[in-house]
Amino acid sequence: MKTLLKVILFTGIFLLFSGWGFHAHRQINRLAVFTLPPEMIGFYKANLQYISEAAVNADRRRFAVVEEAPRHYIDIDHYGDSAVYKMPRFWNDAVEKFGEDTLKAYGILPWHLYTMYFRLRDAFMVKDPSRILSLSADIGHYIADAHVPLHTTENYNGQLTGQEGIHAFWESRIPELFSTEYDYFVGKATYLENAQIAVWEAIVQSHREVDSVLSIEKRLSEQFGEQKYSFETKGKQTVRVYSYEFSKAYAEALNGMIERQMRLAIKMLGDFWFTAWVDAGQPDLKSLINYKPTEAELEQRRKELEAWKQQRIKTREHESGTTP
Ligand SMILES: [Zn+2]
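Rules and cut-offs
Throughout this document, residue positions are counted from 1 along each chain, in the order its sequence is written. Only residues with pLDDT of at least 70 are given local features in this predicted model, and only at 80 or more are side-chain atom pairs given and counted; all residues enter the totals for whole chains, interfaces and linings. A run of H or I in DSSP becomes a helix once it reaches four residues, and a run of E becomes a strand once it reaches two; helices and strands are each numbered from the N terminus. Neighbour counting defines burial: a residue surrounded by 20 or more other C-beta atoms within 10 Å of its own C-beta is buried, one with 12 or fewer is exposed, and intermediate counts give partly exposed, using backbone-placed C-beta atoms. Two residues form a contact once the distance between their C-beta atoms, set from the backbone, is within 7 Å. Two strands make a pair as long as DSSP finds a minimum of two bridges between them. The term nonpolar core refers to a group of buried residues, namely Ala, Val, Leu, Ile, Met, Phe, Trp, Tyr and Cys, whose C-beta atoms join them within 7 Å. Only the contacting stretch of a helix is used when fitting its axis, a line to C-alpha atoms as for every element, and angles between N-to-C directions run 0 to 180 degrees. By the definition adopted for this analysis, an angle is roughly parallel if under 35 degrees, roughly antiparallel if over 145, roughly perpendicular if from 65 to 115, and oblique otherwise. We call Asp, Glu, Lys and Arg charged. Ala, Val, Leu, Ile, Met, Phe, Trp, Tyr, Cys and Pro are nonpolar, and the rest, Gly among them, are polar. The directions considered for the arc run from the helix axis to the C-beta atoms. Take the far helix as your reference; a near helix turned counterclockwise from it by less than a right angle gives a left-handed crossing, and one turned clockwise gives a right-handed crossing. The span expected for a helix works out to 1.5 Å for each residue beyond the first. The pLDDT score gives, residue by residue, the confidence of the prediction method on a 0 to 100 scale.

Asker: What am I meant to see in the overall build of the protein chain here?
Answerer: Across its full length, the protein chain carries 15 helices and 3 strands. A total of 324 residues make up the protein chain; the buried ones form 40% of that total. If you take every contact in the protein chain between residues at least 6 apart in sequence, the share linking residues at least 24 apart comes to 80%.

Below is the structure:
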């Protein structure tokens, strides 16, 4: 052989912790737009390209911002066996019980999503189109991550059980191979009575799948032996990948789990956007389609919002459970 065959182990290091491959993240954000009611869909459709492309901004930020990483996961099993049911649902209660440092060390995904909900609601209230869009895209990212079972466990890459690489396998390789066959029709966005509790329900549901995600891979690995991997050419490199046959067997044994999780993520994202908009008083978004507020206008709106919040604090209980 003339050229040295460069073989690298494709464990998806680049995608590690990322939560879905880029493709799936974009799909989830894009498809959630189509769950929205007529009053919202025009504005989101006009910005469809941004909403889907910005789906991965939150992952990019992890390299620049130290606080970003723990927003993408929660290693809930660190806190014990049934911790996913027992963990305080609201941030302040969780801080009281475990302290902020511990929470941040093992991930703050569900609480951060609730903070993001308030930010989006506020952006709707001040009618700040660019903020509505960037927050909507980021929320899409975190909601998608919440639906990846491996984002809810300390054994996030199978590293504790000799299954390294399973993270990217589940969230990137399988969707890349089979997601064109998925059915993405999830119906209309519905109002969430309590966004924080809804996020926790998603985390519980995701976490219940962790056992299947890992045990099925283990069983099939034993069955497939060396056939588990094959080699593919990517650009100038030949990389080791999970073989098509192994991937197919895994997807089948999961019995539609990945499709189901993607569908749940799409639906919940639509629900989140819709709920924030309703709670903001259903502002007219049609006027925002071509609208660009000046910085002075936005500053004024932020001041008004702060004043409104001060008023509210006097009259009713604070909004509990927001992360810093
Ligand atoms: Zn992520």
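The rest of the description comes next.
Asker: Before we go on, may I ask you to explain the pairing of strand β3 (residues 237-242) in this structure?
Answerer: Regular strands show a simple pattern: their side chains alternate between the two faces of the sheet. Pairing between strand β2 (residues 229-234) and β3: 6 bridges, direction antiparallel. When the bridges of β3 are listed, Y229 appears paired with Y242. Linking β2 back to β3 in an antiparallel pair, the connection comprises 2 residues, with G235 at a positive phi of about 65°.

Asker: Help me out: how do you make sense of the nonpolar core in this one?
Answerer: Soluble globular proteins tend to pack their nonpolar side chains together in the buried interior. Grouped together as the largest cluster of nonpolar side chains are 80 residues, with contacts concentrated most on I28, L113, I143, L269 and F272. It is helix α14 (residues 257-279) that contributes the most residues to this core, 12 residues altogether. Residues contacting L269, with those up to four places away along its chain left out, are I28, A32, I139, G140 and I143.

Asker: Looking at this model, I keep getting lost on the packing of helix α11 (residues 195-208) against α14. Mind explaining?
Answerer: A pair of packed helices is captured by two measures, namely the crossing angle of their axes and the spacing between those axes. Orientation of α11 relative to α14, taken along the N-to-C sense of each, is 175°, at an axis distance of 11 Å. When the interaxial angle is binned, α11 and α14 end up roughly antiparallel. Residues A195, A198 and A202 of α11 touch α14, and the partners they reach there are L264, M268, F272 and T275. Its residues assigned to classes, the contact of α11 with α14 shows 6 nonpolar, 1 polar and no charged.

Asker: I tried to follow helix α13 (residues 244-253) on my own but got confused; where do I start?
Answerer: Side chains that are three or four residues apart share a direction in an α-helix, a result of its 3.6 residues per turn. Among the residues of α13, those classed as buried are F246, S247, Y250 and A251. Along the long axis of α13, the arc covered by the buried residues comes to 130°, so they all point the same way. The exposed set on the far side of α13, more than 90 degrees from its buried face, consists of Y244 and E252. On its buried side, α13 packs onto α10 (166-178), α12 (210-224), β3 and α14. In the stretch just after α13, N255 is the one whose phi turns positive, near 55°.

Asker: Would you mind showing me how to read unusual backbone geometry here?
Answerer: Negative phi is the rule for most residues except glycine; trans is the rule for most peptide bonds. Located in the positive-phi region is N255, a residue other than glycine, with phi close to 55°. Its location among the elements puts N255 in the loop between α13 and α14. On the neighbour-count criterion, N255 (11 C-beta atoms within 10 Å) is exposed. Phi at Q282 is positive, roughly 50°, even though this residue is not glycine. By secondary structure assignment, the location of Q282 is in the loop between α14 and α15 (295-315). When the 13 C-beta atoms within 10 Å are taken as the criterion, Q282 is described as partly exposed.

Asker: Explain the packing of helix α9 (residues 129-146) against α14 to me, please; I cannot follow it from the model alone.
Answerer: Put simply, α9 and α14 touch, their axes get as near as 9 Å, and they point 140° apart. Considering how the two elements wind past one another, α9 and α14 form a crossing that is right-handed. Of the residues in α14, those in contact with S136, I139, G140, I143 and A144 of α9 are A265, M268, L269, F272 and W273. Here the residues of the contact of α9 with α14 sort into 8 nonpolar, 2 polar and no charged.

Asker: I keep staring at α14 and nothing clicks. Help me out?
Answerer: Here α14 spans 32 Å end to end across 23 residues, near enough to the 33 Å set by a 1.5 Å rise per residue. Counting buried residues in α14 gives 18 out of 23 residues, a clear majority hidden from the surface.

Asker: I'm lost on the environment of L120 in this one. Help?
Answerer: Checked against the element boundaries, L120 lands in helix α8 (residues 109-125). Residues within four places of L120 in sequence aside, it is in contact with I132, L135, S136, I139 and A276.

Asker: Would you explain the confidence of the model for the protein chain in this entry?
Answerer: Caution applies to low-pLDDT regions: their predicted coordinates should not be interpreted in detail. With 89% of its residues at a pLDDT of at least 70, the protein chain reaches an overall mean of 89. Residue range residues 1-17 is modelled with pLDDT below 50. Its contacts to residues more than four positions away, or to other chains, number 26 contacts. In this model, residues 315-324 is a region of pLDDT below 50 whose contacts with residues beyond four sequence positions or in other chains number 19 contacts.

Asker: Please clarify how the environment of E181 should be interpreted in this entry.
Answerer: Relative to the elements of secondary structure, E181 occurs in the loop between α10 and α11. Taking the C-alpha atoms as reference points, E181 and E259, separated by 78 residues in sequence, lie 9.0 Å from one another.

Asker: Just checking my understanding: could you explain the environment of G165 for this structure?
Answerer: Relative to the helices and strands, G165 resides in the loop between α9 and α10. C-beta crowding within 10 Å serves as the criterion here: with 22 such atoms nearby, G165 is assigned to the buried category. A C-alpha to C-alpha distance of 9.7 Å links G165 and V241, two positions 76 residues apart in sequence.

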